[in-house]
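Single-letter residue listing:
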Amino acid sequence: MSGTARATQSLEHVDVLIVGAGISGIDTAYHLKSKQPGRTFAIVDARDAIGGTWDLFRYPGIRSDADMQSFGLGFKPWTKDNAIADAHEILDYLREAIAENGLDERLHLGHKVLGANFSSDTARWTVTLERTSDGGQFDVTCGVLFSAAGYYDYAGGYTPHFEGREDFRGPVVHPQQWPEDLDYAGKKVVVIGSGATAVTLLPSMAGKAGHVTMLQRSPSYVLPVPRRDPIANTLRRLLPETVAYGISRRLNTKRQRLILAASRRYPRQMRRLIRKLNARALPAGYAVDTHFNPRYNPWDQRLCVVPDSDLFKAISSGAASVVTDRITRFTEHGILLESSNELEADIIVTATGLNMLPFGGIALHVDGQAVDLHDHFIYKSMMVSDVPNFAFALGYTTNAWTLKVDLVADHLCRLLAHMDRHGYATVTPVADDPSLTGRPFLDMDTAYINRAMHLFPQQGSHGPWTVSQDYALDRARLGTGPVEDPALRFTATKAVRTAAPDAAAHREAAA
């Protein structure tokens, strides 16, 4: 499946080059194959395996933090019982999607993108690839460059400086670089952090470790949800798979929108509701307000879900605990806290967040000039101003990631069909509105986001330059809204297309 052996022979020019073989790349590839059947495309990925996040992270208990009815691919029903799925279930699902749709022949794994330059004369990108197997480099050309690389830095996670780290005698592990041979059986483990990774690690390690402590500087919202969706599973037994999946997907998407809307409109009531659910799941007299009552309102930051209350069950059993305090320094035997207490540890896990990186860190150039992304605006959540024939997919932060990827991939196909109809070779968003002002691409007060927004293009104050986190608004903008827009500039070129005339006609008919 890797495609690495044939890449240098077969990967010379394609109409669309997709960077990233995770769920976004697979989704986009399916859309291109089904809606633009005569168009050539390929998927490249620096890793030697598909799956992106779901193959990279190997820490105990890694799972989805959204239900698979809404996080799953729009074209492939999720048929397993677990709605909150483990990583291996998601990987199996993605492998099936590739095999069922003949996408394996488009994969070129073990190929890292080093840089890309767009030529206005030829209306093509020249993309420099490096084979990870031997370090060999070669160029590929494409009409459209599409980033499905997400926004995390796969090279390493974020770990802040801890005074005295070198004094600690045990291993210090970041979840993104989890050692396969890490033995934590019977040992005291301290997990630093309070986000989705930390609340996943705590119950997953509790059954094997001697004791697991989640050390947090401040609490996060934690919402218990059922691992299995009874409505989705019942519908699947009663109805054809595609029908049941479609209904479940719509229901769960609407439910998530309602939770988000209620959190924004009635924050105090939602805070009380979440606190009540937490208190009910924890032992009587537990210090809920110390450990599970954040200072901010629900969904001002991401809300963590815990399937079947596993986090609370681990705490209630005594196998795990939560400490809310600040770190003074690491010591030989653990962590000294500002309260003067010392947490003993054999292993420290720094679940302290990830580093963000736009478009896989690809160095973009247009006619030889480097693109400073922060000086540009995002168009319709999928393109970058003044960068021709470039598109990307970045999913939602307040809803299932893949819902947005579906819309972007569909809009891309519509845009390509429009260009074929009119003989256009290039499309470029142009932000020439003098009243347009910029703000961060992601407007969420989270540390890992705040650290990285200077690396990303900005969203604009109005028009197609805003980045919506609302699926209904995006469905109207990307799904049914017109392709043509005053902000888009189309040009024709005399460059010879690689696709044969009958293939172009086939695309036109399919559109």
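First things first, this report covers the structure right here in the doc. (Residues numbered from 1 in each chain as written. Predicted model: local features only at pLDDT ≥ 70, side-chain atom pairs only at ≥ 80, totals over all residues. Heavy atoms only, no water.)

### Description of the sheet that holds strand β16 (residues 342-344)
Move 1: The sheet built from three strands is open, its strands ordered β14-β15-β16 with antiparallel pairing. Two strands lie at the open edges of the sheet, namely β14 (327-330) and β16, each paired on one side alone. With strand direction ignored, the average angle separating the axes of adjacent strands in the sheet is 25°.
Move 2: Inspection of the sheet shows β14 paired to strand β15 (residues 334-337) by three bridges, in the antiparallel sense. When the sheet's bridge partners are listed, I327 is paired in β15 with L337. (Pairing = 2+ DSSP bridges. Helix = DSSP H or I, 4+ residues; strand = E, 2+ residues; numbered from the N terminus. Axes fitted to C-alpha atoms, helices over the stretch in contact; angles between N-to-C directions.)

### Digging into the nonpolar core
Move 1: Counting residues in hydrophobic clusters, the biggest one holds 141 residues, and the most contacted among them are W125 and L145.
Move 2: Ignoring sequence-local partners within four residues, the contact set of L145 consists of L17, V19, A116, W125, V127, L364, N389, F390 and A391.
Move 3: One finds F162, F168, I192 and I335 within the second-largest nonpolar core, a separate group that totals 11 residues. (Core = buried A, V, L, I, M, F, W, Y, C linked by side-chain atoms within 4.5 Å. Buried < 20%, exposed > 50% of the residue type's maximum accessible area, 1.4 Å probe, protein only. Contact = heavy atoms within 4.5 Å.)

### A word on helix α5 (residues 87-100)
Move 1: Here α5 contains 14 residues, and its C-alpha end-to-end distance of 20 Å stays within 8% of the 20 Å for a straight helix at 1.5 Å per residue.
Move 2: Those residues of α5 that are buried are in contact with α2 (23-35), α3 (53-56), α4 (68-71), β3 (107-109) and α8 (241-265).
Move 3: At the exit of α5 stands G102, carrying a positive phi of roughly 60°. (Expected span 1.5 Å × (residues − 1).)

### Comments concerning the environment of I98
Move 1: Tracing the sequence through the fold places I98 in helix α5.
Move 2: Placed 72 residues apart in sequence, I98 and I26 show a C-alpha to C-alpha distance of 7.1 Å.

### What about the packing of aromatic side chains?
Move 1: Within the structure shown, the criterion is met by 20 aromatic pairs.
Move 2: Ring geometry for Y30 and F75: centres 3.6 Å apart, planes at 10°, overall stacked. Linking Y30 in helix α2 with F75 in the loop between α4 and α5, this pair joins segments that are 45 residues apart in sequence.
Move 3: Judged by its relative accessible area of 22%, Y30 falls in the partly exposed class. (Phe/Tyr/Trp six-rings, centres within 6.5 Å; stacked < 30°, edge-to-face > 60°.)

### Here we look at unusual backbone geometry
Outside of glycine, negative phi angles account for most residues, and trans bonds account for most peptide bonds.
Move 1: Phi is positive for S309, close to 55°, though the residue is something other than glycine.
Move 2: Residue placement: S309 occurs in the loop between β12 (304-307) and α11 (310-317).
Move 3: Unusually for a residue other than glycine, S381 sits at a positive phi of about 60°.
Move 4: Within the secondary structure, S381 is located in the loop between β21 (378-379) and β22 (383-384).

### Looking at the pairing of strand β6 (residues 137-147)
Move 1: Counting buried residues in β6 gives nine out of 11 residues, a clear majority hidden from the surface.
Move 2: Examined bridge by bridge, strand β5 (residues 124-131) and β6 share six bridges and lie antiparallel to one another. The residue bridging W125 from the neighbouring strand is C142, located in β6.
Move 3: From the end of β5 to the start of β6, which pair antiparallel, there are five residues, and G135 there has a positive phi angle of about 80°.
Move 4: As defined by bridge partners, β6 adjoins strand β23 (residues 390-392) across three bridges and the pair is classed as parallel. Paired with L145 across the strands is F390, a residue of β23.

### Looking at the side chain of S24
Move 1: Among the structural elements, S24 can be located in helix α2.
Move 2: Taking the relative accessible area as the measure of exposure, S24 reaches 4% and is therefore buried.

### With respect to the pattern of salt bridges
Move 1: Using the criterion set out here, one finds 22 salt bridges in the structure.
Move 2: A salt bridge links D55 to R47; the shortest N-O distance between them is 2.2 Å.
Move 3: Judged by its relative accessible area of 23%, R47 is partly exposed.
Move 4: Residue D289 pairs with R275 through a salt bridge whose shortest N-O separation is 2.7 Å. Of this pair, D289 sits in helix α10 (residues 288-291) while R275 is found in helix α9 (residues 267-281), placing the two residues 14 residues apart along the sequence.
Move 5: Looking at R275, the relative accessible area reads 32%, which means it is partly exposed.
Move 6: Three or more residues joined by partner-sharing salt bridges are found here, namely R47, D55 and R58. (Salt bridge = Lys/Arg side-chain N within 4 Å of Asp/Glu carboxyl O.)

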